[in-house]
Amino acid sequence: MPYRPRELVVRAREAAVLLLATLDHNEMVQRFLDIYAAENRRPGRADQPSHYREQLETIRRESILAMTLRVEAALPTRLKVHVSVRDTARRPARKPKKGKKLPRRKKPRSGGLDLAIPLLDLFREEFFVALGQALEWSEDDAQHFWRDFSLYEQLSGKEARGNSRSFARGGASGPFVDRTALLLDPSLMEQARRAAGKFQTELNAAADRVLRKVFSRRRAN
């Protein structure tokens, strides 16, 4: 087992706190809004302060969703587990052609899979608990976040399957790009989508740095 349960709990909670600190202490959303307003001559924080605060709050939430999804996708690699055997179990066996034998199927190492799911679930549970505590979620807040996160997962899965079409259209796509562009500047959607796509690249890099730091060294826990 690469990590003991106690080690995972500490890392999961640290990852949630560090993710929020990276987003807020570096003022990533504020800089994104200020740069967009300056480069595209749109109203900024001085022109429409109440609208700016609303944008800041809503796009910050979208940013947390995007960074959390990035963390989620990277977990199997970071935890050194592999869980993609489920598809082979559903696949029907092929009939051998005359005179040919199918190669002997390797017996799956169930131990790795048996360990993988609890490890991933433990990290996710502790990560989301720490995230909710830091953001002071109510029960309704938590449910709303989970619904949106599930939507992000579903749409991101579809986007990955249609990735070639996405690049043909210009690259900027996905739930974060679409939702953030609508919040940012609905009158200039393509312009806003391009800006949101660049910002998502920054958020992904920040989430990657958080995980690298959290898993950078062993701790005696």
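A brief look at the structure comes next. (Residues numbered from 1 in each chain as written. Predicted model: local features only at pLDDT ≥ 70, side-chain atom pairs only at ≥ 80, totals over all residues. Heavy atoms only, no water.)

**Side note on the pattern of salt bridges**
Item 1. The tally for this structure, following the rule as stated, stands at 12 salt bridges.
Item 2. A salt bridge links arginine 179 to glutamate 62, with the shortest nitrogen-to-oxygen separation between them at 2.8 Å. Of this pair, arginine 179 sits in helix H8 (residues 175–184) while glutamate 62 is found in helix H3 (residues 49–79), placing the two residues 117 residues apart along the sequence.
Item 3. For arginine 179, a relative accessible area of 23% corresponds to the partly exposed category.
Item 4. Members of the salt-bridge network, linked through shared partners, are Arg61, Glu62, Asp148 and Arg179. (Salt bridge = Lys/Arg side-chain N within 4 Å of Asp/Glu carboxyl O. Helix = DSSP H or I, 4+ residues; strand = E, 2+ residues; numbered from the N terminus. Buried < 20%, exposed > 50% of the residue type's maximum accessible area, 1.4 Å probe, protein only.)

**Digging into the side chain of glutamate 126**
Item 1. Checked against the element boundaries, glutamate 126 lands in helix H5 (residues 110–135).
Item 2. Under the relative-accessibility criterion, glutamate 126 is labelled buried at 15%.
Item 3. With residues near it in sequence (within four places) discarded, glutamate 126 still touches Val9, Ala12 and Arg13. (Contact = heavy atoms within 4.5 Å.)

**Some remarks on helix H2 (residues 28–40)**
One turn of an α-helix holds 3.6 residues; hence residues three or four places apart share an orientation.
Item 1. With 13 residues, H2 extends 18 Å between its outermost C-alpha atoms, agreeing within 8% with the 18 Å of an ideal straight helix rising 1.5 Å per residue.
Item 2. Among the residues of H2, Met28, Val29, Gln30, Phe32, Leu33, Tyr36 and Ala37 are the ones counted as buried.
Item 3. On the buried face of H2, the contacting elements are helix H1 (5–25), H3, H8 and helix H9 (189–214).
Item 4. In the segment just after H2, arginine 41 is the residue with positive phi, at about 55°. (Expected span 1.5 Å × (residues − 1).)

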